[in-house]
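# An overview of the molecular structure
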Amino acid sequence: MTMQFYYVLQLIGVVCAYFGVTVLMPGIVLHKVLREKPFMERMLFYFLVGNYAIMNVVFVLQIFHISNRYTLICATLFPFLWLAVKNNQLPIFKWYQNFQRAFKLLVGKRLGWKTLVMGWGKRIQNLFQKAKFAWRKVPGITKTELVLVLLVIVWVLYFYGLIVLSTFGYSFSDILVHNYWVNGLSENQLFVAGIYPEGAHCIFYFLHEVFGLETYIVLSLFGLVQIFCIVFSMLIFLRSCCRNRFLPYLGLGIFLFAGFFHENTYSRYYSALPQEYGMIFLLPAIYFGFCYFKTKHHELTSDENIPTGIHNPAVYCLCGFAMSFGMTFMVHFYNTFVLALFCIAMAIGYLKLFLRKEYFRDIVVTCSVSLGIALIPMVIMFALGRPLQGSIGWGLEVIQESLGGSKTQSQVGISQYPEEGVTGNPNMNQMIDNSLDSSGTGGVSYSGTSEIINQVPAIPSKPTTWSKVKSFKNRLIQKVAEIKELLAQNVFTAYAGLCGVLLVVSLVLLLLCGLIQKKNGDICYGGMLWTMALGTGFLFLMLVAKVFGLPTLMDASRTSIYFAYMVPVVWVMAMDSLLAVLLRKCSDTMKRSFDYLAIAAGVTMAFVLYNHGMIRQNPELGYYQTNQAVTCLTNIIRTQQDNTWTIISANDETQMGLDHGYHYEIVTLLNEISDLSTCESLVIPGKKIFVFIEKKPVSYDDYFYISDYCLTEEYASKKVPSVNLKLWAYKGKNRMVCMAKTYYWVQALKQAYPNDVFVYYEDDAFICYEIDQNEYHLFDLAIDYGFN
Amino acid sequence: MISRRNFVVMTIMMLALFVLFQFTHIGQEKKELYARNLFSEESEPQSQIPEAQLKSTWGKMDREKWVFVGNQDSKQAKTLQNWCDYEKKKYIGCKTMEDLNSIENVCFLVVDPTMIQTNDHVEQIKKFTKKGASVLFYEIPDLTTLRYNKGFRNLLGIEDIVEESCTLEGMKLFSGFFLGGEAVYQPQTPEEEALMDLERNVPWFSLSKGTKVHMVGLLPEDTVENEKLPPLIWRNQQGVGFVYSINGDYFTEIIGLGILSAVEADANPVSLYPVINAQNISVVDFPGCADENDELLNEYYSRGQNAITRDILMPSLISFLRRGDFKLTAFMTPQMNYYDEIEPEGNTAKFIQQQAYQNSIELGQSYALHFGIKLPAKMEQDKAFYEEYFDTYEFAALYYNKPMMMKNQIQKGNFENVDTLVGPMDLSGKIVYFLTNKVTKQTVLSDGANYTYKSDLEMRSIQTAMGYSNMLFDMGEVFWPKEEEDRWENLADTLFSNAQTYLAPFSAFQKTTVSESDRRVRDYLNITYAGEKTEDAVRFETMGNVEDVWFVLRVHNQEIAEITGGEYTLVEKGVYLLRVTDQRTSVKLRPCDENQKLTYK
């Protein structure tokens, strides 16, 4: 079986497991309760319930240190079964009586096996028939939409899937840390590296623990599942908010196909990163916010008998909002920042309603409860002595600095340059400069370019009105240029100005249409448009905060991801709102024809993008392991007995194979045996040792190979990189030196133990050696290999 | 009430059943099928092809040269000679190190460490290892020599002498050296102390890097790391070849054979050698036919010797046979004490033959001498008995316990009608050989009742070298017990558990009677073979009768991909038993470079 096919099977497993637990199980429990809701909204709600339940179950079990496969299954299955029986009013007792009767008849030979089995078969057949009819009754999806949805799926599979399935290892450096945190959960160590949102890690851990999926495979493949969820989250949001049936697909098309977005805005979707996972819950939170205002308004203004309690539609919306809001906090703070902006926008958009006590009380209680539930695990663990995780502290520091306007200059994340020549990717060399502003605003810089803004103090004479206007004009032009440059660097690779203008036009359109709708009595729809306009506006301000000397809450490179996510939404909603205004008094037929116009617009857009070479291309992703290394690791895990092997490599098998074996760093080994006079002996316990050697070494966290072949005496004779260089020991020429030395070390071992050292896997770029040793009498690996 | 018709039908059915059940037995009685030795066949006489005539269409067959440096009359030299005869290698003897210089293309050197006097000798050895030869020092040199000769220490892979003598609690033999897997020889209880008969006081060395240890001594727990335990058999890499060292008196006539096969397999990626493939159990002085020692036997068993044989011993042995799928050769004796005026009775003869026939037991004649009887006298006394009661049974195997007496009889031309003689080790030091042109000798290698650690090591050695074993069950102790412990219940426990435990790791080798084993021994001694070995293939041509010819192929971590001209079974990891079905046999191994054991590629 090829690794790719294996990964495809694993992907199917991940998809089935994840959606089975997060959609199917809540669906079985809630389908009768929510049968009146639109299909897509129901699916969304099930999804939110499923994710929320899993995260909280894991948190609770982890806090009590009783989290393992069995407790997780019990904590998930028993409530599910109980609720499924209760909500669906399943006649369990009647079934039991039937079973008892059938058993008695069978034992008394008054009923034959054949009759019994045929009876069961008929019942199963009926169930299938019901399911078939139920599927046909799925409302709201036409054949055309089905085709469009399939196109979206195919494109996502092609654009993201091919890369995800052909890169067996990780594509982002953060994943290694997340692997470590998920492994911490496996050992009942919640927040193992410090307090940090671990909602996504709970999901990964759940899939690993309950379904037996390896963590590194989940982390490699979940990015694809994630992007599907992000895309469908956007689709459901737009489909539910827009009045035009097909405009949402135009928005999806821009989000997925458009090549004028910077690759920075979509390259992270290839990996299972918590920030991007949290984005799934952004638009649902906003949507349920809209829902709440609409249903509450309807409840308060109509004479209908609205049920109370859990069946109250407004309560249902608040639940949806609370879960989404809570999950953004549980998964990644950045999503909460962005959602908070939209919440503020919502408060302004629905100001009249928001300030009324019925609404205000509900919203405040909901937000408090939601936040409270999300905070509880962190507060408990903090009280138990767990410190804050490093990046939270760093984040708070950055915010504090930006708010406090300090003039300090700090460098974060500086990498030490190694002794030998280094070839590094400029993206890795991130430095944060504090630029000094003579006006004393003390702006915080952003990564990328470092600009020093010089302002010449004005000549102390009384300015005229004309000079004031001129100065303002100049400043405005300068700001616009800076904004354009910032957008060009972070968001739009081409047509940054045009896109910026389009954005502004969209925001203005949304505001205007919102006003018109409010005037026409549709407060809720108007409020929705205003929320989107204001929210995106705030997001834009956060992106360009530095230009205006505002506090930078989030790095521009991160903000741009959210921005690029919202821009198609806003464009589409602007078009839709305009159409809604223009076609308000038109017939349904006219409105439906404009639906299909959206498809035409989409096709045209695709054609234009293609002609201008603006179809999105796959970005360059960093290498952290070679495919061959992951192939060998997978085979070793599947075929070797646990805890009987050690891998010696320059990769991250430490965390990837933590449940099954051990890892030894190449650079540590080489340093230990560099001076045999001080190294008495070096033994690595275990029956087998696997040594991963790259003939064609990759540069860690870069996207290129360093050379075509490095296993030469020239590199083997160079000095061993120091362990203190940390990751730099595995970059550039240092990596070549490590590989060459290791290769010659293995050759020396092979000469001493020819029947115990052999090739496990080899191709043109990679070789893996297997060393079999007697566990009772281990080999002394500190041998003279000629290049110590 | 039943009708007449029913009555008749039932009677006919009963008659039919009676006939069916009894017919086979009656038929057997009539034809006297049991009165023949099923295992006796015409045997090949000695016929080894002279070396000068060795030719193969695959090229000239030069036998591998194994050189012994030291006293040519020593038992170690004889052991190597015997081994070379069995393995079809060329033995070359050198009395001094200087004689070595004239020999080219040496495959292996077995060196008396006292021959290494100077650094020049060390360098001389190193020259051979650089050319690819390996060296075996069958004992440790004098410690003073070692202490002052750093070059010699480096050659052996000894970094330092930790202690000049230490007392071991036990020994551990690691798997992969001898066949049969790992073995631990460490008494846990006072009773087990009696089993320890291996050398316990040995020097303690710390080895240098690049050595691999095959056997270590055990010290009291938790005092020393595993890697620092006193090494007993180890290997040091030197140049292209290896230098093996034995610390202790292990290079004996029997264990030495196994060590030589083991080091040859260890030093080469592929090793091929012929084996006998026969596991024998020789039950001696059973059955007896005279009611001797009646008083004592009646006290222990409430019956006489013949009744004990019929009611206790035979069923017990048959049960053991069936449980372990063993084959027995029972060397019967009409009586043991010829001076007690008790004569053997022939009424048990038929029973004995029937039981032997039904349970695939071969009967032989025991000439174990007891109570001072001489061999000629016993022969004469027993002859009449055999002629009267076993006239049609062809005895193909004999057992004896006095080698010198038997040798005299053979020289006189007696025992020409038998095919094989079974007895203890004699002065030749050989396990199996042609006693005469037509008669082979098979040595009893272990005593089932007195199985010690050394016995086990010897068993493993011979299984490794020859795929052969011959375990003795001496039943004389049952009929003439000296003490209470000699009762059959106690002896049976020991015999059966020893046989099942110590032969179990070698279950890939076939169980045979002595006559079946004899035919294989003849082919083993007569055949010769040659061919070529590469890392991924072996092909060889066998000259001689290939009907019952087996080889062991040791390939470490490879597997057989394909075989032509033969069949194979797996003995243990990296070890295959090949049966040759054609003169030419070709074995393809999975090539090392392509040995990608990946499930997911």
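No experiment lies behind these values; they were computed from the predicted model shown.

Now for the overall build of chain B. When you go through chain B residue by residue, the secondary structure sums to 15 helices and 30 strands. Compactness check: chain B gives a C-alpha radius of gyration of 28 Å against a globular reference of 25 Å for 601 residues, within 12% of the reference. With respect to the three principal axes, the spread of C-alpha positions in chain B is 100 × 60 × 55 Å. Within chain B, the proportion of its 601 residues that are buried is 56%. Counting contacts in chain B only where the partners sit at least 6 residues apart, residues at least 24 apart contribute 73% of the total. For chain B, the exposed surface amounts to about 26,200 Å²; the carbon and sulfur share of it is 48%.

Across the contact, 34 residues belong to chain A and 31 residues belong to chain B. Of the roughly 2,800 Å² buried between chain A and chain B, counting both surfaces, carbon and sulfur atoms make up 49%. Considering only the surface of chain A that becomes buried against chain B, A:N755, A:Y776 and A:H777 emerge as the three largest contributors, covering 27% of it. Residue B:K573 is joined to A:D772 by a salt bridge in which the shortest nitrogen-to-oxygen separation is 3.9 Å. Where chain A packs against chain B, one counts 9 residue pairs in polar contact (both at pLDDT 80 or more). For the side of chain A that touches chain B, the residue count by class is 17 nonpolar, 10 polar and 7 charged.

Glancing now at the sheet that holds strand β25 (residues 537-543) of chain B. In sheet architecture, strand pairing relies on hydrogen bonds along the backbone and comes in two forms, parallel and antiparallel. Residue and element names in this part refer to chain B. Spatially, 4 strands are ordered β24-β25-β30-β27 in an open sheet, and the strand pairing comes out antiparallel. The outermost strands of the open sheet, each flanked by one partner alone, are β24 (528-533) and β27 (560-564). Adjacent strand axes in the sheet meet at a mean angle of 15 degrees when their direction is disregarded. Taken together, the 4 bridges between β27 and strand β30 (residues 584-589) define a ladder with antiparallel strand orientation. Directly across from I563, in β30, lies its bridge partner V587.

This paragraph deals with the packing of helix α12 (residues 282-301) of chain A against helix α13 (residues 313-331) of chain A. All names here are of chain A. Remark: α12 packs on α13, axes separated minimally by 8 Å, with the N-to-C direction vectors making an angle of 160 degrees. Compared by their axis directions, α12 and α13 come out roughly antiparallel. As α12 runs across α13, the sense of the crossing is left-handed. Between α12 and α13, the contacting residues are L282, P284, A285, F288, G289, C291, Y292, T295, K296 and E299 on the first element and P313, A314, Y316, C317, L318, G320, F321, S324, F325 and T328 on the second. Residues that form the contact of α12 with α13 fall into these classes: 13 nonpolar, 5 polar and 2 charged.

Take the pattern of salt bridges next. Going through the model one piece at a time under the given rule, you end up with 33 salt bridges over all chains. When the shortest N-O distance is used, the salt bridge between B:E193 and B:R200 registers 3.2 Å. On the basis of relative accessible area, B:R200 is assigned to the partly exposed category, the value being 25%. The closest approach of N and O atoms between B:R539 and B:E532, which form a salt bridge, is 2.5 Å. Residue B:R539 is classed as partly exposed on the basis of its relative accessible area of 32%. Residue B:E532 is classed as partly exposed on the basis of its relative accessible area, which comes to 35%. Residues joined in a network through salt bridges with shared partners are A:K688, A:E770, A:D772 and B:K573.

Attention shifts here to the domain arrangement of chain B. Bring the parts together and some accessible area is lost; that lost area is often taken as the interface size. Residues and elements named next belong to chain B. If you check the domain split of chain B, you get domain 1 (63-270) and domain 2 (278-521). Placing a centre on the C-alpha atoms of domain 1 and another on those of domain 2 gives a separation of 36 Å. Counting residues at the interface gives 30 residues for domain 1, matched by 24 residues for domain 2. Across the interface of domain 1 and domain 2, roughly 2,300 Å² is buried in total on both sides, 65% from carbon and sulfur atoms. Among the residues of domain 1 in contact with domain 2, Y86, L179 and I254 are the three that bury the most area, contributing 27% of the side total. Between the two partners, domain 1 and domain 2, sit 0 salt bridges. Taken together, the connections running from domain 1 to domain 2 amount to 11 residue pairs in polar contact (both at pLDDT 80 or more). The element best represented in the side of domain 1 that touches domain 2 is helix α6 (residues 255-267), accounting for 5 residues. Here the residues of the side of domain 1 that touches domain 2 are counted per class, giving 18 nonpolar, 6 polar and 6 charged.

This part is about α13(A). All names here are of chain A. Look at α13: 27 Å from first C-alpha to last across 19 residues, which is about the 27 Å you get at 1.5 Å a residue. The element α13 is extensively covered by neighbouring structure, given that 16 of its 19 residues are classed as buried. Where α13 begins, the capping side chain belongs to N312, and its oxygen is found 2.7 Å from the backbone nitrogen of A314.

Scoring rules and cut-offs
- Residues numbered from 1 in each chain as written.
- Chains lettered and ligands numbered in written order.
- Predicted model: local features only at pLDDT ≥ 70, side-chain atom pairs only at ≥ 80, totals over all residues.
- Heavy atoms only, no water.
- Helix = DSSP H or I, 4+ residues; strand = E, 2+ residues; numbered from the N terminus.
- Rg over C-alpha atoms; globule rule 2.2 N^0.38 Å.
- Buried < 20%, exposed > 50% of the residue type's maximum accessible area, 1.4 Å probe, protein only.
- Contact = heavy atoms within 4.5 Å.
- Areas by Shrake-Rupley, 256 points an atom, 1.4 Å probe, with all protein chains shown as cover.
- Buried area = accessible area lost by both parts, 1.4 Å probe.
- Salt bridge = Lys/Arg side-chain N within 4 Å of Asp/Glu carboxyl O.
- Polar contact = N/O pair within 3.5 Å; in protein donor to acceptor, adjacent residues only side chain to side chain.
- Nonpolar A, V, L, I, M, F, W, Y, C, P; charged D, E, K, R; others polar.
- Pairing = 2+ DSSP bridges.
- Axes fitted to C-alpha atoms, helices over the stretch in contact; angles between N-to-C directions.
- Parallel < 35°, antiparallel > 145°, perpendicular 65-115°, else oblique.
- Left-handed = near helix turned anticlockwise from the far one by under 90°.
- Domains from an automatic or database assignment.
- Expected span 1.5 Å × (residues − 1).

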